[in-house]
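Here is how the chains run, residue by residue.
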Amino acid sequence: MSRDATPLIDLRCEAHTYPDGTVGMHDVDFEVYPNEVVALVGGNGAGKSTLLEHLNATLVPDDGELVVDGTPVTEDNKQYARKEVGFVFQDADTQLVAPTVLDDVLFGLQNYGVADDEAQERAREALATVDAGHLADRIPHYLSGGEKRLVGLAGVLVLEPSVVVLDEPLAGLDPERSRLVADRITQIHEEGISVVLSTHDLEFAAEVADRVCVMADGNVVGSGTPQTVFYDDALLADANLHPPSAVRIAREAGLAATAQPVTEADLVSLLTGFTEDETTEIPAPDGRGRN
């Protein structure tokens, strides 16, 4: 990620108010740069979904502007935003409309006039990318939650977007399916696609994000690397968030002063290095010393 690059998404939203008068977002400046994963975190009602839906012009600011890859988005070119910024909704059923999985992934390509043979090939490649090729002939309604999320992701990837946006991608998934979806997110980022996601799971955010944005009361109240954000007690308290377990353990063990682990892997690496370098005797499980 290079902050010297032109943003792929540049959103300026002075305000967005829903028809019932609820203020969903205000005073938000938000950018997405090439080759980064951005995690939005915050409590319920903080504005995460509202912000995400502005990134591909599903919602538009009452006062402000969305620029996608240098192009200002207007009523006349919303389709451009929706092709460049693929959106995977939290409720996958709202996104899956065709009789079979393959038909569903083909749907967007057909709307853009892609020839049938090419569309078929690209759709199958997109399903294979998310490890869902075996689902091609299945009926979407009967898929599991995790399978639906992967098919929705394939339906976005087939359009070759610059950015993929996912609203609570792990919501309602068991640990195995959560790991599969998380692995696919990491994979598409490694292939050069920027990712923006919202999540209540700060362990997941710490694992996948290059940048974490904290939302509260319809605004982005803090932003930075996972280390910067998750060791900022005041910021997390303002957003009613608790840091990941690795952060809490590091602090309780007195390690945070010299290192700032944010994931379980970070913590294991730190502790392993500490024990290997330790020259004093380390207690054995039975209470006797060992070298």
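Residues numbered from 1 in each chain as written. Predicted model: local features only at pLDDT ≥ 70, side-chain atom pairs only at ≥ 80, totals over all residues. Heavy atoms only, no water.

Caption draft 1: Representation of the sheet that holds strand 7 (residues 163-167) in the model. Strand order in the open sheet formed by six strands is 6-7-8-3-9-10, with mixed pairing between adjacent strands. Each having just a single partner strand, strand 6 (85-88) and strand 10 (219-224) make up the two edges of the open sheet. Sheet twist, expressed as the average angle between the axes of neighbouring strands with direction ignored, equals 20°. In this structure, strand 3 (residues 37-41) lies alongside strand 8 (residues 194-198), joined through four bridges in parallel fashion. Bridge pairing in strand 8 links L40 to S198. Contacting strand 6 and strand 7, helix 5 (residues 145-157) crosses the sheet at an angle of about 165° to strand 6. (Pairing = 2+ DSSP bridges. Helix = DSSP H or I, 4+ residues; strand = E, 2+ residues; numbered from the N terminus. Axes fitted to C-alpha atoms, helices over the stretch in contact; angles between N-to-C directions. Contact = heavy atoms within 4.5 Å.)

Caption draft 2: Quick peek at helix 4 (residues 116-129). Taking 1.5 Å per residue, 14 residues should reach 20 Å; helix 4 reaches 20 Å between its end C-alpha atoms and fits that length. Those residues of helix 4 that fall on the buried side of the exposure criterion are A119, R122, A123, A126 and L127. One side of helix 4 holds all its buried residues, which, seen down the axis, span an arc of 135°. Following helix 4 by one or two positions, D131 has its phi on the positive side, about 60°. (Expected span 1.5 Å × (residues − 1). Buried < 20%, exposed > 50% of the residue type's maximum accessible area, 1.4 Å probe, protein only. Arc of directions from axis to C-beta.)

Caption draft 3: Representation of the pattern of salt bridges within the structure. Using the criterion set out here, one finds 11 salt bridges in the structure. Here D29 ties to R12 by a salt bridge, and the two come within 3.8 Å at their closest N and O atoms. Remark: R12 occurs in strand 1 (residues 9-17) and D29 occurs in strand 2 (residues 23-32); sequence separation between them is 17 residues. Take D29: its relative accessible area is 47%, and that puts it in the partly exposed class. When salt bridges with common partners are traced through the structure, they connect D10, R12, D29 and E31 into a single cluster. (Salt bridge = Lys/Arg side-chain N within 4 Å of Asp/Glu carboxyl O.)

Caption draft 4: Layout of unusual backbone geometry. Although it is not a glycine, A57 sits at a positive phi angle of roughly 65°. Relative to the elements of secondary structure, A57 occurs in the loop between helix 1 (48-54) and strand 4 (63-68). Residues other than glycine seldom take positive phi values, yet D69 does so here, at roughly 50°. Assignment of secondary structure puts D69 in the loop between strand 4 and strand 5 (71-72).

Caption draft 5: Region of the structure containing the packing of aromatic side chains. The final tally for this structure, using the stated rule, is one aromatic pair. Geometrically, the ring pair formed by F87 and F89 is tilted, given 4.4 Å between the ring centres and 35° between the ring planes. A residue is classified by how much of its surface remains accessible, and F89, at 27% relative accessible area, is partly exposed. (Phe/Tyr/Trp six-rings, centres within 6.5 Å; stacked < 30°, edge-to-face > 60°.)

Caption draft 6: Spotlight on the layout of surface pockets. One number sums up the size of the largest pocket: a volume of about 610 Å³. Every residue lining the largest pocket is counted, 25 residues in all, and those nearest its centre are R82, F87, Q95, G155 and L159. Of all the secondary-structure elements, those providing two or more residues to the lining of the largest pocket are helix 2 (78-84), strand 6, helix 3 (101-111) and helix 5. The greatest single-element share of the lining of the largest pocket, amounting to five residues, is contributed by helix 3. Per-class residue counts for the lining of the largest pocket are 12 nonpolar, 10 polar and three charged. The calculated volume of the second largest pocket comes to roughly 180 Å³. (1 Å grid on protein atoms, 1.4 Å probe; cavity = no way out; pocket = protein on both sides within 12 Å on 5 of 7 lines; lining within 4 Å. Points joined across faces, edges and corners; volume = space filled by probe spheres on them. Nonpolar A, V, L, I, M, F, W, Y, C, P; charged D, E, K, R; others polar.)

Caption draft 7: Spatial organisation of the pairing of strand 8. Of all the five residues making up strand 8, five are buried; the element is thus mostly covered by neighbouring parts of the structure. Residues S194, V196 and S198 line one face of strand 8 and the alternating positions V195 and L197 line the opposite face, and both faces are buried. Strand direction decides the pairing type here: strand 7 and strand 8, joined by five bridges, are parallel. Bridging from a neighbouring strand, V165 pairs with V196 of strand 8. Each parallel crossover has a hand, and the one from strand 7 via helix 6 (residues 175-190) to strand 8 is right-handed. (Right-handed = clockwise from strand over helix to strand, strands pointing away.)

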